[in-house]
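Inside the fold
So you can see what is in the structure, the chains are spelled out below.
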Amino acid sequence: MPEKKTRKAAAKDKREGKSASTQAGEYVHEEIEHVREGKHGAKNAKQAIAIGLSKARRDGVKAKPGKSASKATKKKAAKETAASKSKKKPSSTRSAGAKKALKTASKKTIAKKAVGKKALSTQTKKAAKKRTASSRSAAAKKAAKTKGPAVRKAAAKKAARTRAKKG
């Protein structure tokens, strides 16, 4: 069950006209925090991201699976989207089983390592490599449009500092 602050942040993103992936990012961030806090575990960063996306879809975020996603992933995403529209309450037995499995995962692996800075960085780089330069550029341009003047100014200052450091 997503936390109230996560739902609020996602709703704010939606009001601001941000993309579904940005809205879903709030749920992913929450999931990463849960793993870091030891609420439950994850085998790796990819699993933590998948759990967050699943929560987002079940909460009504229209996050589509990627173009290169497997049939199984697409089917699961469709089920989650349907579940968001359904009034049916999830099975408590199934929920308990899922929670127990995730708790066990936290004992088997070092949960913090699965969603540590290095692991998330590696996952991000792998995901970016799959995309074309024009696709990444278009996403950056869209993000810049929805940032707003104050945040854009801060980002420009940070970029200038980074360039100055590189020499």
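Residues numbered from 1 in each chain as written. Predicted model: local features only at pLDDT ≥ 70, side-chain atom pairs only at ≥ 80, totals over all residues. Heavy atoms only, no water.

**Topic: the overall build of the protein**
Test applied: Helix and strand definitions follow DSSP, with helices as H or I runs of at least four residues and strands as E runs of at least two, each counted in order from the N terminus. Think of it in three bands: residues with accessible area under 20% of the maximum for their type are buried, residues over 50% are exposed, and the middle band is partly exposed, with areas taken using a 1.4 Å probe on protein chains only. Contacts: residue pairs with any heavy atoms within 4.5 Å of one another. Computed with a 1.4 Å probe, the accessible areas rest on the Shrake-Rupley method; for each residue, only the protein chains presented here act as cover. In this tally, Lys and Arg are treated as positive and Asp and Glu as negative; His is ignored, and so are the chain termini. Where a charge lies is defined by one atom per residue type: Lys uses NZ, Arg uses CZ, Asp uses CG and Glu uses CD.
Scanning the protein from terminus to terminus reveals 9 helices and 0 strands. Seen along its three principal axes, the alpha-carbon backbone of the protein occupies a region of about 55 × 35 × 30 Å. Per-residue burial for the protein yields a buried fraction of 22% across its 167 residues. A separation threshold of at least 6 residues defines the contact pool for the protein, and within that pool the share at least 24 residues apart is 64%. Counting every atom, the protein has about 12,600 Å² of accessible surface; 59% of that belongs to carbon and sulfur. Within the protein, one finds 55 positive and 10 negative side-chain charges whose respective centroids are separated by 8 Å.

**A few points about the pattern of salt bridges**
Condition: A side-chain nitrogen of Lys or Arg and a carboxyl oxygen of Asp or Glu constitute a salt bridge if their distance falls within 4 Å.
Within the structure shown, the criterion is met by 9 salt bridges. Between Lys39 and Glu3 there is a salt bridge, with the nearest N and O atoms lying 3.6 Å from each other. One end of the pair, Lys39, is in the loop between helix H2 (20-37) and helix H3 (45-58); the other, Glu3, is in the segment before helix H1 (4-15), with 36 residues separating them in the sequence. Relative accessible area serves as the criterion here: at 41%, Lys39 is assigned to the partly exposed category. Look at Glu3 and you get partly exposed, because its relative accessible area is 25%. The salt bridge partner of Lys76 is Glu80, with a shortest N-O separation of 3.2 Å.

**Some thoughts on the nonpolar core**
Quick note on the threshold: Here, the term nonpolar core denotes a set of buried Ala, Val, Leu, Ile, Met, Phe, Trp, Tyr and Cys residues that are joined through side-chain atoms within 4.5 Å.
Ranked by size, the top nonpolar core spans 8 residues in total: Val28, Ile32, Val35, Ala42, Ala45, Ala48, Val115 and Leu120. Elements that contribute at least two residues to this core include exactly H2 and H3. The element contributing the most residues to this core is H2, with 3 residues. Not counting chain neighbours up to four residues away, the residues in contact with Val28 comprise Ile49, Gly52 and Leu53. Counting residues in each nonpolar core, the second largest holds 6 residues, with Ala10, Ala24, Tyr27 and Ala56 among its members.

**Describing helix H8 (residues 133-147)**
The condition that has to hold: To estimate how far a helix should reach, multiply one less than its number of residues by 1.5 Å.
Compared with an ideal rise of 1.5 Å per residue, which puts 15 residues at 21 Å, H8 spans 21 Å between its outermost C-alpha atoms and is within 8% of the ideal. Gly148 occupies a position one or two residues after H8 and carries a positive phi of about 100°.

**A closer look at the packing of H2 against H3**
Applicable threshold: Helix axes use the C-alpha atoms of the stretch in contact, all axes being lines fitted to C-alpha atoms, and the angles between their N-to-C directions lie in the range 0 to 180 degrees. Here is the rule for angles: anything less than 35 degrees is roughly parallel, anything more than 145 is roughly antiparallel, 65 through 115 is roughly perpendicular, and the remaining ranges are oblique. Helix crossings get a hand from a simple test, with the near helix turned counterclockwise from the far one by less than a right angle marking a left-handed crossing and a clockwise turn marking a right-handed one.
Their axes nearest at 8 Å, the elements H2 and H3 cross at an angle of 130°. On the basis of the axis angle, H2 is oblique to H3. Considering how the two elements wind past one another, H2 and H3 form a crossing that is right-handed. Contact with H2, carried on its side by Ala24, Tyr27, Val28, Glu30, Glu31, Ile32 and His34, involves Ala48, Ile49, Ile51, Gly52, Leu53, Lys55 and Ala56 of H3 and no other residues of that element.

**Brief notes about the confidence of the model for the protein**
Worth spelling out the cut-off: Confidence of the predictor at the level of single residues is captured by pLDDT, which takes values from 0 to 100.
Scored by pLDDT, the protein comes out at a mean of 88, with 95% of its residues at no less than 70. Mean pLDDT values for the elements of the protein range from 72 in helix H6 (residues 111-114) up to 94 in H1.

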